[in-house]
Protein chains: 4
Amino acid sequence: MRLGVIGATGYAGLELLRLLAFRSFDEVVLVTSRQEAGQKLVDFFPALKSLANYDDLVLSPPVDLEGKADIFLMAAQHGAAMSLAPSLLASGAKVIDLSADYRLRDPLEFEKWYGPHASPELLPTAVYGLPEIYGPQIKKANLVANPGCYPTSVILALAPIMRQGIFNPSEIIIVDAKSGVTGAGRTLQAGYLFTEVYDNFRGYKIVGHRHTPEMIQELSSLLAMKVKLSFTPHLAPINRGILSTIYLRLNVKIPLKDLYNQYEAFYQGCRFVRVRNQIPETANVRGTNFCDMALFYDEANDLFKIVSVIDNICRGAAGQAVVNLNLMTGRQEDCGLDYGPLRP
Amino acid sequence: MRLGVIGATGYAGLELLRLLAFRSFDEVVLVTSRQEAGQKLVDFFPALKSLANYDDLVLSPPVDLEGKADIFLMAAQHGAAMSLAPSLLASGAKVIDLSADYRLRDPLEFEKWYGPHASPELLPTAVYGLPEIYGPQIKKANLVANPGCYPTSVILALAPIMRQGIFNPSEIIIVDAKSGVTGAGRTLQAGYLFTEVYDNFRGYKIVGHRHTPEMIQELSSLLAMKVKLSFTPHLAPINRGILSTIYLRLNVKIPLKDLYNQYEAFYQGCRFVRVRNQIPETANVRGTNFCDMALFYDEANDLFKIVSVIDNICRGAAGQAVVNLNLMTGRQEDCGLDYGPLRP
Amino acid sequence: MRLGVIGATGYAGLELLRLLAFRSFDEVVLVTSRQEAGQKLVDFFPALKSLANYDDLVLSPPVDLEGKADIFLMAAQHGAAMSLAPSLLASGAKVIDLSADYRLRDPLEFEKWYGPHASPELLPTAVYGLPEIYGPQIKKANLVANPGCYPTSVILALAPIMRQGIFNPSEIIIVDAKSGVTGAGRTLQAGYLFTEVYDNFRGYKIVGHRHTPEMIQELSSLLAMKVKLSFTPHLAPINRGILSTIYLRLNVKIPLKDLYNQYEAFYQGCRFVRVRNQIPETANVRGTNFCDMALFYDEANDLFKIVSVIDNICRGAAGQAVVNLNLMTGRQEDCGLDYGPLRP
Amino acid sequence: MRLGVIGATGYAGLELLRLLAFRSFDEVVLVTSRQEAGQKLVDFFPALKSLANYDDLVLSPPVDLEGKADIFLMAAQHGAAMSLAPSLLASGAKVIDLSADYRLRDPLEFEKWYGPHASPELLPTAVYGLPEIYGPQIKKANLVANPGCYPTSVILALAPIMRQGIFNPSEIIIVDAKSGVTGAGRTLQAGYLFTEVYDNFRGYKIVGHRHTPEMIQELSSLLAMKVKLSFTPHLAPINRGILSTIYLRLNVKIPLKDLYNQYEAFYQGCRFVRVRNQIPETANVRGTNFCDMALFYDEANDLFKIVSVIDNICRGAAGQAVVNLNLMTGRQEDCGLDYGPLRP
């Protein structure tokens, strides 16, 4: 397959290129950047030198893309994909979009959080690219909306409970999430300078983060009832990783061990979910597509706590996109992704 | 005053010595260590060289302490103070204990979490050393139980609501806290090695942390009703700082602005509490006795979120002990503590 | 004294304000910023809230400064001071410049490294503000050029050898220095983003860093002969601290112990230099004005290695400026600076 | 091939297992640990769960190893291999030793730095496992001494100059190296606690580090004359990476561009050496077997500066061992190692 990476100079783009270097059967033939067009890829990212065919690639502007690749991986800012995708799809290409442009099925909800949509007619055709839930649909999709990083960590952690219907939707799910700084991309803002983040910890967007409706959409779909969820993100002074601590009450009395069994059954055969008895750590999934999770029960308060970790830029972006690429091209989900975490 | 620092070779001891170096009117005459006795203080802690009279101090074993100081600051492991304090108090000295030994008023509750108490008869006389709440009592105390780091951040963040009685005790307060690694002391465990913590994020003691009863005791006392609280600590890869994100529902409809007013009124005149409109960051209190807090309202879920930050080893341990020392010796609470955070 | 801080929104400005908050006898009456003028100081730097009179200060543009303060601390970008200082000095104020504008005595040398000088006539009157070397001159100075961070760490480490004349100037001094990221200020460049610096180590400006002529000027002055020095800076992923590892050969055979004695004699009575037998660590001077140093001898190669550490933003900038302020106003050098490092 | 990993619970062991998980054609059949014997591998290292056949492996004590594997990768402490290797080799197995036991060819030199050798008769048969220099010999070797991390970064950076003979051996080579903390292994010492390393920078073993003779042996061999070298290591607060800054004078006048050409010619066809015009950064080689290097010329001092970076635990230990494994088993050097760095 000829692959095009749109928005190759952000961190999701860099991670895509890292992961795609493994694949001898696909070739990255196109890398685009609005700001860095004309530069050699490996001059911009020296880390990629001597890998695959990357020494030969030159960043080009994201124009006249039709026909230049068979599958486009869109890693640009929110808003770029919804303008580019229609003509790419019309030209017969497939699109995996890592932005939020096609994640919300309801155009009104999209507009409320992100502003007007440039191609709302595509929303019904887009498949939400969470392989554990939508695997069969992804295999047949032409347009995949790669999930957000926070929603990936939260939806996977709650899917078994929602599918079992053992959550009472009158309760609020509380999600306290901590993300590494790559989650902000290469954004040039004072708040992301090393000196402002190192040896520091802070929350942000404490009310109203835009990943909230995505979580609610998918959890409600799994439960078949509208769920209420309050989401609070924090910035952890690490490069990669999201840890979500999730608090909820169930509508049944269920021993923790039985809940574990339900989780293991739900994720039976899922290569990249590891349900564990150990406390999850972000370093255990660094650089991989794994989602580790563990379950806890606070008996004094009849409260369940579910902790999940992913690598936000791999499982939460580029790695999940490669799984989707695998499924869309008839390969196994872990093709080219079957390696261990970099730890320490 | 002649001061004795018991357990001078831990991080709380080091921080005490850093803070006490400012005080020309008091003198540290005694520094003890079980393991390092015989060593010069500044050989063990080169950072302290040339400060105050520290070049002359030699670490001594924690025995025969009576009469050697007027006030003892106990920074040793849990369990040491409850054995040493009775005879020190009997000899006329005052004691500020930074461990958990005298924080819980109920001996049964203490035993449940920490094991048997060696001097339960002192529990009724110990004053919980949170100056904003117990200032008048501290001034007259001979034995002060310095609060735990997590409880300090949580109780201060909730005290105005509890005192106002606007919390419904049938609800659960959820506290998701993140602490820097100094919270674990200089414990020599593999899990606290640099390589195990750096670029990593994890929870620990996700159910049943021993600071929970301390929070419940004080919040229940403020509310005059038993509260329910679920506490979850995490280890953030930073040196200092606790950030607590607290989720709760109130039993009244109150605009956020009015709640802010109540907080400002409650903390009127409190030198070390800064109620703010900005998102708190641990770096803003680094090395100081400040507690910064901000209030948020998630309208969609009728949920309040309160975020507080402290420096766990200063406000959460040594700094608060120095405030208590100030109050017990008739000084202003901020005497020798009136400086700004080290940021960055 | 009425103090003015010019360029108050950089890290040197922030550190100055942190240190000046201690001084009840001086008052910061003026804080300027070109870009943030009109904003309240504590809105820009929430860390400073409730300190000294800072809640009342508003950032003003750096214009019409004459008469507004008795002493101006210039913490702006290189180039600002050389335009502002002439009229301030003419108006009777004193100036402590933290930039490089008045450090080089030779206007041609200045021009070579920094471009044309706007007030070269002041260069002969400026005193190089390294208190251990120029203390007497600083006391009488109206214009003090605060040394650069790297030069401070290097000149202090070599001054005893140079003054003793035991270095052979036909040899090259090799300085391999490592600096924390605050050395780059709050510069908004991609290379200083957290994600680009964290868990990373790199050199920069490996040949031709602008601090080189400053070191050569002062070391040559001490030796009374022109020295050759090759300086290589690196960016360490820490907030604060410079560690300089210096390699040189002496022109005499001298036992290490004797060299230690010479260093101790040279720095006799210098409050802020700690000559030690322990390996220096940047954390031991964090937030202080100390310079720690240790000496080593590689017998196999007849090579001396001198290691020095400072806090680049305190001793290497704001702290040293406060020492100079102390000396210029007749106070002891450690007035308001007599506290210990924040460690950990 | 059946592979045995001896000392599987250190960081080199963990990294070996990460890298070997890629290889479908080899199988790890044995993992040993003195202290953790009896435990399941993935219980000790949860990061490795679900990879290769690791879920089935149980740590065994390092006894009766003969016949249990075809190739043994020894990642235990210094001293273990020299006792175990003789009988393993005698039984027909091959050995790749990641410790220092077989790196020095001169038994007296070994004894001087490490103490008595248990199997000095094997020293002449051991091949120094630096593939760019000893590739042909490695292919035929039964016992490979995997190079030390520092020596790898230094020898590769200097090999072209030494081989060309353009260095004057009366001069001293100065090597100022900075290493991440994994270089210390999982050693449980207070100095490697997070709180002692984070936001800190220090040197260690400033004179007399044991990697010095290894560098001198190999550089002298390349130059065919004894070289003098002074080595100074530092501890950088990062997980992985070594950056070596090397200072030396050549005995010829050679333009930098020509020296670059010589380096490129020397490393022609070497998959894992990247000679570059950009300043090397440790993050550019994180998790890979690459060695990046760049050359600089300080004209004022006629001094060359060479900067090289490797990942100390990959290229400096486990990754290089896998290259050696590839060569010893007739595979291409980059087999299973052909992927990009994890950046950020």
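Residues numbered from 1 in each chain as written. Chains lettered and ligands numbered in written order. Predicted model: local features only at pLDDT ≥ 70, side-chain atom pairs only at ≥ 80, totals over all residues. Heavy atoms only, no water.

1. Quick look at the interface of chain A and chain B
Next up, step 1: At the interface, 47 residues of chain A touch 47 residues of chain B.
Next up, step 2: Roughly 3800 Å² of surface becomes buried between chain A and chain B when both sides are summed, with 56% attributable to carbon and sulfur atoms.
Next up, step 3: For the pair chain A and chain B, the interface holds eight salt bridges.
Next up, step 4: Here Lys178 of chain B and Asp176 of chain A are joined by a salt bridge, their closest N and O atoms 3.1 Å apart.
Next up, step 5: Remark: the boundary between chain A and chain B carries 36 residue pairs in polar contact (both at pLDDT 80 or more). (Contact = heavy atoms within 4.5 Å. Buried area = accessible area lost by both parts, 1.4 Å probe. Salt bridge = Lys/Arg side-chain N within 4 Å of Asp/Glu carboxyl O. Polar contact = N/O pair within 3.5 Å; in protein donor to acceptor, adjacent residues only side chain to side chain.)

2. Topic: the pairing of strand 9 (residues 228-235) of chain A
Remember that side chains alternate between the two faces of the sheet whenever the strand is regular.
All names here are of chain A.
Next up, step 1: Extensive coverage of strand 9 is indicated by the burial of seven of its eight residues.
Next up, step 2: Sheet topology note: the strand 7 (residues 172-179)/strand 9 ladder contains eight bridges and is parallel. Across the sheet, Lys178 pairs through a bridge with His234, a residue of strand 9.
Next up, step 3: Bridge count between strand 8 (residues 202-203) and strand 9: two bridges; the pairing is antiparallel. Looking across to strand 9, one finds that Arg202 is bridged to Leu235. (Buried < 20%, exposed > 50% of the residue type's maximum accessible area, 1.4 Å probe, protein only. Helix = DSSP H or I, 4+ residues; strand = E, 2+ residues; numbered from the N terminus. Pairing = 2+ DSSP bridges.)

3. Some words on the relation of the copies chain A and chain B
Next up, step 1: With an RMSD of 0.0 Å, the fit of chain A onto chain B corresponds to turning through 180° and sliding 0.0 Å along the axis. What the superposition gives is, in effect, a two-fold axis relating one chain to the other.
Next up, step 2: The fraction of interface residues of chain A whose copies in chain B are also interface residues reaches 100%, indicating that both copies meet through the same surface. (Least-squares fit on C-alpha atoms with pLDDT ≥ 70 in both.)

4. Some points on the interface of chain C and chain B
Next up, step 1: Taken together, the contact between chain C and chain B spans 33 residues of the former and 33 residues of the latter.
Next up, step 2: Roughly 3200 Å² of surface becomes buried between chain C and chain B when both sides are summed, with 56% attributable to carbon and sulfur atoms.
Next up, step 3: The interface formed by chain C and chain B holds zero salt bridges in total.
Next up, step 4: Counting every contact that joins chain C to chain B gives 16 residue pairs in polar contact (both at pLDDT 80 or more).
Next up, step 5: Among the elements of the structure, helix 1 (11-20), helix 2 (41-44) and strand 11 (273-275) of chain C are those that each provide at least two residues to the side of chain C that touches chain B.
Next up, step 6: Take the side of chain C that touches chain B: its biggest share by element is three residues, from helix 1 of chain C.
Next up, step 7: Of the residues that constitute the side of chain C that touches chain B, the class distribution is 15 nonpolar, seven polar and eleven charged. (Nonpolar A, V, L, I, M, F, W, Y, C, P; charged D, E, K, R; others polar.)

5. Points about the domain arrangement of chain A
Residue and element names in this part refer to chain A.
Next up, step 1: By the assigned domains, chain A splits into domain 1 (2-125) and domain 2 (149-312).
Next up, step 2: On a C-alpha basis, the centres of domain 1 and domain 2 stand 27 Å from each other.
Next up, step 3: Surface buried jointly by domain 1 and domain 2 totals about 1300 Å² across both partners, of which 51% is contributed by carbon and sulfur atoms.
Next up, step 4: In terms of surface lost to domain 2, no three residues of domain 1 exceed Tyr11, Arg103 and Trp113, which account for 44% of the buried area on that side.
Next up, step 5: Between domain 1 and domain 2 we count three salt bridges in total.
Next up, step 6: Between Glu15 and Arg240 there is a salt bridge, with its nearest N and O atoms 2.6 Å apart.
Next up, step 7: At the boundary of domain 1 with domain 2, the tally comes to eight residue pairs in polar contact (both at pLDDT 80 or more).
Next up, step 8: By residue class, the composition of the side of domain 1 that touches domain 2 is five nonpolar, three polar and five charged. (Domains from an automatic or database assignment.)

6. As for the packing of helix 6 (residues 149-164) of chain A against helix 8 (residues 212-223) of chain A
Residue and element names in this part refer to chain A.
Next up, step 1: Close contact between helix 6 and helix 8 brings their axes to 9 Å; oriented N to C, the two are set at 20°. Taken together, the axis directions place helix 6 and helix 8 in an arrangement best described as roughly parallel. By crossing handedness, the relation of helix 6 to helix 8 is classed as right-handed. Contacts between helix 6 and helix 8 involve Tyr150, Pro151, Val154, Ile155, Leu158, Ala159, Met162 and Arg163 from the former and Glu214, Met215, Glu218, Leu219, Leu222 and Leu223 from the latter. (Axes fitted to C-alpha atoms, helices over the stretch in contact; angles between N-to-C directions. Parallel < 35°, antiparallel > 145°, perpendicular 65-115°, else oblique. Left-handed = near helix turned anticlockwise from the far one by under 90°.)

7. Brief notes about the side chain of Asn326 of chain C
Residues and elements named next belong to chain C.
Next up, step 1: In this fold, Asn326 is placed in helix 10 (residues 314-328).
Next up, step 2: Within the structure, Asn326 has its side chain in polar contact with the side chain of Arg23 (distance 2.8 Å).
Next up, step 3: Sequence-distant contacts of Asn326, that is, excluding residues within four places in its chain, are made with Arg23, Arg331, Gln332, Glu333, Asp334, Cys335 and Leu337.

8. Notes on the confidence of the model for chain A
Next up, step 1: Per-residue confidence for chain A averages 97 on the pLDDT scale, and 100% of its residues sit at or above 70.
Next up, step 2: As scored by the predictor, the complex reaches a pTM of 0.98 and an ipTM of 0.97. (pLDDT = per-residue confidence, 0-100.)

9. Some thoughts on the pairing of strand 4 (residues 94-97) of chain B
Residues and elements named next belong to chain B.
Next up, step 1: When strand 3 (residues 71-74) meets strand 4, the two strands line up parallel, connected through four bridges. Residue Phe72 lies in a different strand from strand 4, and its bridge partner there is Val95.
Next up, step 2: Between the parallel elements strand 3 and strand 4, the chain passes through helix 3 (residues 80-90) in a crossover that is right-handed. (Right-handed = clockwise from strand over helix to strand, strands pointing away.)

10. What about the environment of Asn239 of chain C?
Next up, step 1: With respect to the helices and strands, the residue Asn239 of chain C is situated in the loop between strand 9 (228-235) and strand 10 (242-248).
Next up, step 2: Spatially, the C-alpha atom of Asn239 of chain C lies 22 Å from that of Asp338 of chain C, the residues being 99 residues apart in sequence.
Next up, step 3: Once residues lying within four places of it in the same chain are set aside, the contact partners of Asn239 of chain C are Phe194, Thr195, Tyr198 and Asp199 of chain A, Arg286 and Pro344 of chain B, Gly180, Val181, Thr182 and Asn312 of chain C together with Asp199 of chain D.

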